[in-house]
Amino acid sequence: MTLKEFLEHCTGDWFAQRTNYGIDSPGEANSKATLAVTDLAVDHAVIAEAKKQFPEMSVLAAWEIAFDNSSDWAKKSLEQGSALMVFCGDSEPDTAEGKVFQRLANGSTATGHFWWEDTGALNVQLFAGELEMNEKIWFATSDSQNLRLRSSTTKKAGEVLRATFYSEIRRMKA
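Residues numbered from 1 in each chain as written. Predicted model: local features only at pLDDT ≥ 70, side-chain atom pairs only at ≥ 80, totals over all residues. Heavy atoms only, no water.

Draft legend 1. Structural context of the overall build of the chain. Assigned secondary structure in the chain consists of two helices and ten strands. When the helices and strands of the chain are listed from N to C terminus, the series reads α-β-β-α-β-β-β-β-β-β-β-β. Here the chain has a C-alpha radius of gyration of 16 Å; the compact-globule value for 174 residues is 16 Å, and the two agree. When the accessible surface of the chain is split by element, carbon and sulfur atoms take 51% of a total near 10,200 Å². Charge centroids of the chain, computed over 18 positive and 25 negative side chains, lie 7 Å from each other. (Helix = DSSP H or I, 4+ residues; strand = E, 2+ residues; numbered from the N terminus. Rg over C-alpha atoms; globule rule 2.2 N^0.38 Å. Areas by Shrake-Rupley, 256 points an atom, 1.4 Å probe, with all protein chains shown as cover. Lys, Arg positive; Asp, Glu negative; His and termini not counted. Charge placed at Lys NZ, Arg CZ, Asp CG, Glu CD.)

Structure follows, in structure tokens:
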């Protein structure tokens, strides 16, 4: 699978289970979410903003990621929102790295880079102020893109604040 194919397979509706470990809190927190990853229109304002940040690069993918989180202990949604994410890189078919621009619902932004591994995993590193977020995303098998796995860490001043593991199942349309 190429990076371009991987990014295309990431769009769609997903059901996610998450285990979150806060370094300064005892135990783990389990939650679930629904995610909708949709392609942004080519004239979307966040794409223009990303092109200003990385003028020498082409847009490889641009998404809106809408989410609805709930926990095992809460009956209602804990958090709803969305983020906009743009991947930029060389337009060559074998591109394996590039830059990332993200805008959160609250208007804050993060920038960073990504790299594609031969193993079929995408690594994303984002920086927002003092925070560093690292995420690795891969599909469980190479022949099916319906089970996606993610692991992430959030650091501040080099110290890990949170580590999270996600398993995500694609919601199929009837």
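Draft legend 2. Spotlight on the pairing of strand S7 (residues 121-128). With six of eight residues buried, S7 is to be regarded as a mostly interior element. With six bridges joining them, strand S6 (residues 109-116) and S7 adopt antiparallel strand pairing. Residue Trp115 lies in a different strand from S7, and its bridge partner there is Asn123. Hairpin geometry of S6 and S7 is characterised by an intervening segment of four residues between the two adjacent antiparallel strands and by a positive phi of about 95° at Gly120. (Buried < 20%, exposed > 50% of the residue type's maximum accessible area, 1.4 Å probe, protein only. Pairing = 2+ DSSP bridges.)

Draft legend 3. Quick peek at the state of the cysteines. Within this structure, the stated rule accounts for zero disulfides. In this model Cys10 remains outside any disulfide bridge; the closest cysteine sulfur is found in Cys88, 16 Å from its own. (Disulfide = S-S within 2.5 Å.)

Draft legend 4. Here's a closer look at the confidence of the model for the chain. Across the chain, pLDDT averages 90, with 95% of residues at or above 70. The element-level mean pLDDT for the chain is lowest in strand S3 (residues 58-71), coming to 88, with S7 highest at 96. (pLDDT = per-residue confidence, 0-100.)

Draft legend 5. Seen up close, the side chain of Arg170. By secondary structure assignment, the location of Arg170 is in strand S10 (residues 159-170). Summary of buried charges: Arg170 has no salt-bridge partner, and the nearest side chain of opposite charge, Asp13, is 8.2 Å away. (Salt bridge = Lys/Arg side-chain N within 4 Å of Asp/Glu carboxyl O.)

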